[in-house]
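# Working through the structure, step by step
Next come the chains, spelled out residue by residue.
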Amino acid sequence: MRIGCGYDSHRFEDGRRLVLGGVTILGATGLKGHSDADVLIHAIIDALLGAAARGDIGSHFPDTDARWKDADSAQLLAAVVEEIAAAGYRIGNVDATVICERPKLRPHIDAIRARLAQLLGVDVGQVSVKGKTNEQMDAVGAGVGIAVHAVALLA
Ligand code: MG
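Now for a look at the structure at hand. None of these values were measured; they are calculated from a predicted model.

### Description of the nonpolar core
- Residues Leu40, Ile44, Leu48, Leu77, Leu116, Leu120 and Ile146 are the most contacted members of the largest nonpolar core, which totals 49 residues.
- Among the secondary structure elements, those contributing two or more residues to this core are strand S2 (18-20), strand S3 (23-25), helix H1 (39-51), helix H3 (73-86), strand S5 (91-99), helix H4 (109-120), strand S6 (127-132) and strand S7 (145-154).
- The element contributing the most residues to this core is H1, with ten residues.
- Once you skip the residues sitting within four places of it in the chain, Leu77 turns out to touch Ile41, Ile44, Ile45, Leu48, Leu116, Leu119 and Leu120.

Structure (structure tokens):
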């Protein structure tokens, strides 16, 4: 068994839609980024690649490459899941903590877990997503953006 950790953060940017775990959160401020800025999927990609010691999201999908401009991060995750499977790994579970002051994540957690399970090719019981605030501390706590920590277990 191999474990990997991933981290990502993006700052809010007006006029963009918020996509978290492949789910669009209607009415929320979006995040700045070269791709669709799905901070949750980005952290999970790094956890998966980290567990397999196969580089990181930046080495796979450089943000200097116009191909990944406004990319659908769900497609990037699907490509990584395929690579991990081709290398002989099976996903045990994924667990993530999404940290932001807004929006409130609880109403969206089940939809996000279901979408991630679909993209990862696992049962929803193998995917955990938790929402937290940063108790108004530091930049995330001041509402500047969203940060995510993720871990993945591969067998
Ligand atoms: Mg990112």
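### Comments concerning the side chain of Ser35
- Secondary-structure assignment places Ser35 in the loop between strand S4 (30-31) and H1.
- When its relative accessible area of 7% is taken as the criterion, Ser35 is described as buried.
- Those residues in contact with Ser35, other than ones at most four positions away along the chain, are Arg16, His42, Trp68, Asp70, Ala71 and Ser73.

### Points about H1
- For H1, with 13 residues, the first-to-last C-alpha span of 19 Å sits near the 18 Å given by 1.5 Å per residue.
- With twelve of 13 residues buried, H1 is to be regarded as a mostly interior element.
- Three or more residues of H1 are buried, namely Val39, Leu40, Ile41, His42, Ala43, Ile44, Ile45, Asp46, Ala47, Leu48, Leu49 and Ala51.
- Directly beyond the C-terminal end of H1, a positive phi value near 50° is found at Ala53.

### Looking at the coordination of the magnesium ion
- Protein-derived ligands of the magnesium ion are Asp8 (OD), His10 (NE2) and His42 (ND1), with the metal-ligand distances lying across 2.1 to 2.3 Å.
- Counting residues between consecutive donors of the magnesium ion along the chain gives the motif D-x1-H-x31-H. Highlighted residues: Asp8 in strand S1 (residues 2-13) and His42 in helix H1, separated in sequence by 34 residues.

Analysis parameters
- Residues numbered from 1 in each chain as written.
- Predicted model: local features only at pLDDT ≥ 70, side-chain atom pairs only at ≥ 80, totals over all residues.
- Heavy atoms only, no water.
- Core = buried A, V, L, I, M, F, W, Y, C linked by side-chain atoms within 4.5 Å.
- Buried < 20%, exposed > 50% of the residue type's maximum accessible area, 1.4 Å probe, protein only.
- Helix = DSSP H or I, 4+ residues; strand = E, 2+ residues; numbered from the N terminus.
- Contact = heavy atoms within 4.5 Å.
- Expected span 1.5 Å × (residues − 1).
- Donors = N, O, S within 2.8 Å, 3.2 Å for Na, K, Ca; no water.

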